[in-house]
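Letter by letter, the chains look like this.
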Amino acid sequence: MIRQIEKNGVKYYYIGNRAICCMLKIAYGKAQLLHLGAPLSEDDCEALCCETVLGWEPGVLYREGDTRSCLDELPLAWSERGTGDYRETPVGLLYEGTEICPDFVWSSAGEVNAEEYDAVLPHARGAQETVKLVFTSSNRLLEGLTLELRFSLFETALVRQAVLINRSDKPLKVTKLMSACADLQGSFMVSTFDGGWIREAHIHTVPVTRSRVVNGSAGGFSSNRHNPGFLLSRPGVSDDAGEVYGFNLLWSGNHYSSVQRSSVGFTRVLQGISPDGLCLDLLPGGRIEMPEAVAAWSGHGYNGLMENMHRFVNESVIPEAWRYQERPVLYNNWEGCMFKFNEGKLLSLAKKAKKIGCELFVLDDGWFGERDNDQAGLGDYSVNRRKLPNGLEGLSKKIHDLGMQFGLWFEPEAVNPDSDCFRQHPDWVLSSPGTGPFYARNELLLDLTKPEVRDYIVESVSAILDKADIQYVKWDMNRNSPVSGNKAYEYILGLYDVLHRIFDSRPRILLESCASGGNRFDLGMLCFSPQIWASDDTDPVERLDIQNGLYYLYPQSTIGAHVSAAPHGVTLRATPMSTRSNVAFFGDFGVEFDLDSMKPVDEVELKETIAYYKQHRKTFQFGCFSRNGAEEGALCWQVSDGKETICGLFHKLISAGPEIEWLRVNGLDPDRTWHVEARSQLLRVGVYGSLLRFVTPVPLDTEGTIIRLADRHYQMRDGGFSAECSGAALQSGIPLGKRFTGTGYDASLRVQGDFQSNVFCIVPKT
Ligand code: GLA
């Protein structure tokens, strides 16, 4: 509900529902933020007013003689330098080369009509209500300059946006314009999701103090270094209890957010695009609309916040055609082949992929131009006939004849210097004046701010999509940008234009975006691509941290997660197939290794595994996600659709002499009886190593032919477990079967060495 309230001659705005609430007071023409967070009643607005009286301190008064008008001490929803607020400012304007203070004052309010939104920027869809508060500049030089603060209320989140409209007759430069500004009361911890290539989204938490904490990116991406999403939580918050805020931005380029506690205890939170090097023209008649900034709140710890964030993304960000639509199990040939393949090899892989249950075959890098390694071909769209003599159409037809969908990898934003595209259009390359070129992965970026470059990409990609009967696109981008400031900002607008033009008219194509793995895992890309390749690191132990970080902000349905080879290509860690699968279950499941080298036991296991995933796919992809109290360094992920609940219990390094493990399940009807069944997993004979000598009639060489042969063709059942009990007992925890500690075997023993895991399905007893 959005309401304007007048009390004792003061204007208030109430924007709230059962999940979040924001209350504003218009005082001195400024928007004071009385509250953002827990749902409160509009009747509370007067009680929330914060009135500080200035004494001898040197604070600046906004109204002469009014000792309550020190903006520096008030909670604000917007601010400008030059009005007496010395906290970080959300806006920077230059007029004739000098910083100028617009001193915006409230003028009106109204709804935001559909046509008022910038057509290129991505937007969240399906707001319950929207309001814009309009402020005009009271600076005598800037008469007509207008600021719109937009508030859109969604079922589980609030979206804010700032729009600057120059109705003055002065040409201005914008050096900073945040999407949103908020001053929140009380103590906080801030959590950011940081990393790098193959190490994305690791959570880091520090207290919010008087020093500023900045979460930003500079490489032209939203970045794997610092995801634009972050959390503010009260000290002591847990998965189930306490107050947490989640913030995010619908933007895929350089971003900036900061948090800092003021001298009177308000934490200023800014969210927006990076102001680094920014100097945008705002000419008379011009307007600049900033990306949408998201805020969600929970009083029930991280689990409550994840539920709100996930619902917002699933229902309001993901393209409509894919909302709650099950994603296919895919096979991707990259880790299995890299650049080395031909049609025969791909068809052999596709047949095996089909046999184990994959539904979509994705041909990754290497199908075009002279692309036999990463030094040539990017930018070209002609099919490499040496590898694919029947072209993409021929391959696609054969894949479809096998009963699978066909998907294709592109990296349209980049060129290799060794490409026809670059030879013909060397001037299309993005560069900063007078320097470079600086290469990364032997690539240069195309300048997406140029209309002719955008046309080339749109025409080239569209022609292939229409000719080759393609159901899925992996849109990759593999290098940091050589530019910053305006150019980097305009590049992302160019990218959004290209994505709109290719995919708006082809809504049934499933787009998976990727940037060297998770270098562009953000809400901007999710407006076009329902899923994102989370990381080139498919080692399940690493993925536990990566996916666990992403879940704070993004639902399982957005996270591409594949089973790959062991030992793993980047960590050389050997992990069981069961764990590789169990981790990939909690995302959009795929398979990505050379199936021609798949052992017969792997084939049996993957077939069972994929069948299990498909049976529970809706719950895995769209079920309500939460975590619950696993002990001894274990991690427990839970998904539930209200009817069935699935828990994954994961171990990293185990210790000897383990304590009894307990299965704890959140949110079940406590009075109902529930049936718990562990997924039946398989176990290689070889895991027992030299212990086998004690059970075989003749001593066997554990590295020898007999054990190797047994491991190829035979596996034992592991970790069988079932129970029936009340939801109350499951909430409190039920003991799991014993772990292997040196002797014995039966099918219910849990052989839980390092990196082992189990998955449990819980349904009502019939
Ligand atoms: C990036 C992607 C990989 C793969 C390669 C191909 O690294 O993240 O998944 O597509 O490019 O070059």
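Residues numbered from 1 in each chain as written. Predicted model: local features only at pLDDT ≥ 70, side-chain atom pairs only at ≥ 80, totals over all residues. Heavy atoms only, no water.

## Observations regarding the overall build of the chain
Along the backbone of the chain there are 14 helices and 41 strands. Against the 2.2 N^0.38 benchmark of 27 Å for 766 residues, the chain shows a C-alpha radius of gyration of 28 Å, consistent with a compact globule. Considered along the principal axes of its C-alpha atoms, the chain spans approximately 100 × 70 × 40 Å. Within the span of the chain, comprising 766 residues, buried residues form 60% of the whole. (Helix = DSSP H or I, 4+ residues; strand = E, 2+ residues; numbered from the N terminus. Rg over C-alpha atoms; globule rule 2.2 N^0.38 Å. Buried < 20%, exposed > 50% of the residue type's maximum accessible area, 1.4 Å probe, protein only.)

## Re the site of the ligand
What surrounds the ligand is a group of 13 residues, the closest being Asp364, Asp365, Arg441, Lys474 and Asp536. With respect to the ligand, the side chain of Trp409 contributes an N or O atom lying 3.0 Å from an oxygen atom. A distance of 3.0 Å separates an oxygen atom of the ligand from a polar atom in the backbone of Gly517. Against a free-state accessible area of 310 Å², the protein chains account for coverage of 98% of the ligand. For the shell around the ligand, the per-class residue count stands at four nonpolar, three polar and six charged. (Near = heavy atom within 4 Å. Polar contact = N/O pair within 3.5 Å; in protein donor to acceptor, adjacent residues only side chain to side chain. Areas by Shrake-Rupley, 256 points an atom, 1.4 Å probe, with all protein chains shown as cover. Nonpolar A, V, L, I, M, F, W, Y, C, P; charged D, E, K, R; others polar.)

## Some thoughts on the packing of aromatic side chains
The geometry of an aromatic ring pair is captured by two quantities: the separation of the ring centres and the angle between the planes. Taken as a whole and assessed by the stated rule, the structure comprises 36 aromatic pairs. Ring centres of Trp367 and Phe368 lie 5.0 Å apart, and the angle between their planes is 80 degrees; this geometry places the pair in the edge-to-face category. The pair Trp367 / Phe368 is uniform in exposure class, with both members buried. Residues Tyr551 and Trp637 carry aromatic rings whose centres are separated by 5.0 Å and whose planes lie at 90 degrees to one another, so their mutual orientation is edge-to-face. Highlighted residues: Tyr551 in helix α9 (residues 540-551) and Trp637 in strand β33 (residues 635-640), separated in sequence by 86 residues. A single burial state applies to Tyr551 and to Trp637, both of which are buried. Through a chain of ring-to-ring contacts, the aromatic side chains of Tyr551, Phe585, Phe586, Phe589, Tyr612, Tyr613, Phe620, Phe625, Trp637 and Phe650 assemble into a single cluster. The ring of Trp674 has Arg672 lying over it, and the distance from NZ or CZ to the ring centre is 5.8 Å. (Phe/Tyr/Trp six-rings, centres within 6.5 Å; stacked < 30°, edge-to-face > 60°. Lys NZ or Arg CZ within 6 Å of the ring centre and 35° of its normal.)

## Structural notes on helix α3 (residues 343-356)
Each α-helix winds once per 3.6 residues, and so residues spaced three or four apart point in a common direction. For α3, spanning 14 residues, the distance from its first C-alpha to its last is 20 Å, which sits close to the expected 20 Å at 1.5 Å a residue. Burial in α3 covers these residues: Glu343, Leu346, Leu347, Leu349, Ala350, Ala353 and Ile356. Where α3 begins, the capping side chain belongs to Asn342, and its oxygen is found 3.1 Å from the backbone nitrogen of Gly344. Phi turns positive, to about 115 degrees, at Gly357, one or two residues after α3. (Expected span 1.5 Å × (residues − 1).)

## Notes on the pairing of strand β12 (residues 189-196)
Burial analysis of β12 places six of its eight residues in the buried class, which makes it a mostly covered element. Taken together, the seven bridges between β12 and strand β13 (residues 199-207) define a ladder with antiparallel strand orientation. Counterpart to Ser191 in the pairing with β13 is Thr205. Linking two consecutive strands that pair antiparallel, namely β12 and β13, is a turn of two residues; a positive phi of about 60 degrees is found at Ile198 within it. As paired elements, β12 and strand β15 (residues 226-233) share five bridges and run antiparallel to each other. Pairing of Ser191 across the sheet is with Leu231, part of β15. (Pairing = 2+ DSSP bridges.)

## Thoughts on unusual backbone geometry
Following Gly436, the chain continues to Pro437 via a peptide bond in cis, the omega torsion being 5 degrees. Cis geometry is found at the peptide bond from Ala566 to Pro567, where omega equals -5 degrees. If you trace the backbone, Pro567 turns up in the loop between β30 (559-563) and α10 (577-585). Of note in this structure, Tyr324 is not a glycine but carries a positive phi near 55 degrees. Along the chain, the position of Tyr324 falls in the loop between α1 (301-317) and β22 (330-332). Residue Tyr324 is classed as partly exposed on the basis of its relative accessible area, which comes to 29%.

## A short note on the nonpolar core
Core analysis: the biggest nonpolar cluster contains 191 residues, and Leu184, Leu232, Leu363, Trp367, Leu392 and Trp475 have the highest contact counts within it. Residues Cys647, Val665, Ile734 and Ile762 belong to the second largest nonpolar core, which totals 18 residues. (Core = buried A, V, L, I, M, F, W, Y, C linked by side-chain atoms within 4.5 Å.)

## A look at the state of the cysteines
If you walk through the whole model with that rule in mind, you get zero disulfides. In this model Cys337 remains outside any disulfide bridge; the closest cysteine sulfur is found in Cys358, 14 Å from its own. (Disulfide = S-S within 2.5 Å.)

## So, the sheet that holds strand β39 (residues 722-726)
As summarised here, the arrangement of the six strands in space is β32-β33-β34-β41-β36-β39, forming an open sheet in which the pairing is antiparallel. Lying at the two open borders of the sheet, with one neighbouring strand each, are β32 (624-627) and β39. Averaged over neighbouring strand pairs, the angle between their axes works out to 20 degrees when direction is ignored. Where β33 meets strand β34 (residues 645-650), six bridges bridge the pair, whose relative direction is antiparallel. (Axes fitted to C-alpha atoms, helices over the stretch in contact; angles between N-to-C directions.)

## Some thoughts on a nonpolar patch on the surface
Side chains of Leu691, Phe694 and Val695 sit close together on the surface and give an oily, nonpolar patch of about 330 Å² of accessible area. Residue position: Phe694 is located in the loop between β37 (681-684) and α13 (705-713). (Patch = residues over 30% accessible without salt bridge, like charges linked within 9 Å, V, L, I, M, F, W, Y side chains within 5 Å. Salt bridge = Lys/Arg side-chain N within 4 Å of Asp/Glu carboxyl O.)

## Some remarks on the sheet that holds strand β1 (residues 2-7)
Read from one edge to the other, the open sheet built from four strands follows the order β1-β2-β3-β4, with strand pairing classed as antiparallel. The outermost strands of the open sheet, each flanked by one partner alone, are β1 and β4 (30-37). Across the sheet, the mean angle separating the axes of adjacent strands is 20 degrees when strand polarity is ignored. Pairing analysis gives six bridges linking β1 to strand β2 (residues 10-16), with the strands arranged antiparallel. Looking at the pairing, Ile2 lines up with Ile15 of β2.

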